[in-house]
Amino acid sequence: MPLRLWYCNMNPDKVICSCYKVTKGDIIRSVENGASSFKEVKKDTKVSKACGKCKKKAKKFTKKLLKEQEAEKEKKNGN
């Protein structure tokens, strides 16, 4: 299920993790492709695997995406 709501005007090329050059778009794609936790996004993208400086920002962004995805699922299911 594509996520294209609050961040549709966001720059997907914005780098969150400078160590591995992980962008917001990379995190969005990871969630769209089935990652259901920050741990899975981290495994998929390598975000925050080196110095850890980006961990707080990446985790917050991921949780926001996952929350939005869950809200969309509930909306589609009529709950």
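These remarks concern the structure in this document.

## Considerations on the overall build of the chain
And step 1. Scanning the chain from terminus to terminus reveals three helices and two strands.
And step 2. Each helix and strand of the chain, placed in order from N terminus to C terminus, yields the pattern β-β-α-α-α.
And step 3. When each of the 79 residues of the chain is scored for burial, the buried share is 35%.
And step 4. The long-range fraction of contacts in the chain, counting pairs at least 24 apart against all pairs at least 6 apart in sequence, stands at 54%.
And step 5. Accessible area of the chain: about 5,500 Å², with a carbon and sulfur share of 47%.

## Details of the packing of helix 1 (residues 24-32) against helix 2 (residues 38-45)
And step 1. Orientation of helix 1 relative to helix 2, taken along the N-to-C sense of each, is 115°, at an axis distance of 10 Å. Note that helix 1 runs across helix 2; the crossing there is right-handed. Along its contact with helix 1, which presents Asp26, Ile27, Ser30 and Val31, the element helix 2 presents Glu40, Val41, Asp44 and Thr45.

## Observations regarding the packing of aromatic side chains
Think of a pair of aromatic rings as described by two things: how far the centres are apart, and how the planes are tilted against each other in angle.
And step 1. Tallied over the entire structure, the rule returns zero aromatic pairs.
And step 2. One residue, lysine 24, lies across the ring of phenylalanine 61, its end atom 5.3 Å from the ring centre.

## Re the side chain of lysine 24
And step 1. Tracing the backbone through its elements, the reader meets lysine 24 in helix 1.
And step 2. Aspartate 13 is the oppositely charged side chain nearest to the buried, salt-bridge-free lysine 24, at an N-O distance of 12 Å.
And step 3. Not counting residues within four places of it along the chain, the set of residues in contact with lysine 24 comprises Met10, Asn11, Pro12, Lys14, Ile16 and Phe61.

## Observations concerning the nonpolar core
And step 1. Among the nonpolar cores identified, the biggest contains 16 residues, and Ile16, Ile27, Val41, Val47, Ala58, Phe61 and Leu65 are the most heavily contacted of them.
And step 2. Breaking this core down by element, the ones donating at least two residues are strand 1 (15-17), helix 1, helix 2 and helix 3 (55-76).
And step 3. Among the elements that make up this core, the one with the highest residue count is helix 3 (four residues).
And step 4. What alanine 58 contacts, discounting residues up to four positions off in sequence, is Ile16, Ile27, Phe38 and Val47.

## Considerations on helix 2
And step 1. Where helix 2 is concerned, the buried positions are Phe38, Val41 and Thr45. Angularly, the buried residues of helix 2 cover 60° about the axis, an arc narrow enough to put them on a single face. When the buried face of helix 2 is taken as reference, the exposed residues oriented beyond 90 degrees from it are Lys39 and Lys43.
And step 2. Elements that come into contact with the buried residues of helix 2 comprise strand 2 (22-23), helix 1 and helix 3.
And step 3. Positioned one or two residues after helix 2, lysine 46 has a phi angle of 75°, which is positive.

Rules used in this analysis
Residues numbered from 1 in each chain as written. Predicted model: local features only at pLDDT ≥ 70, side-chain atom pairs only at ≥ 80, totals over all residues. Heavy atoms only, no water. Helix = DSSP H or I, 4+ residues; strand = E, 2+ residues; numbered from the N terminus. Buried < 20%, exposed > 50% of the residue type's maximum accessible area, 1.4 Å probe, protein only. Contact = heavy atoms within 4.5 Å. Areas by Shrake-Rupley, 256 points an atom, 1.4 Å probe, with all protein chains shown as cover. Axes fitted to C-alpha atoms, helices over the stretch in contact; angles between N-to-C directions. Left-handed = near helix turned anticlockwise from the far one by under 90°. Phe/Tyr/Trp six-rings, centres within 6.5 Å; stacked < 30°, edge-to-face > 60°. Lys NZ or Arg CZ within 6 Å of the ring centre and 35° of its normal. Lys, Arg positive; Asp, Glu negative; His and termini not counted. Salt bridge = Lys/Arg side-chain N within 4 Å of Asp/Glu carboxyl O. Core = buried A, V, L, I, M, F, W, Y, C linked by side-chain atoms within 4.5 Å. Arc of directions from axis to C-beta.

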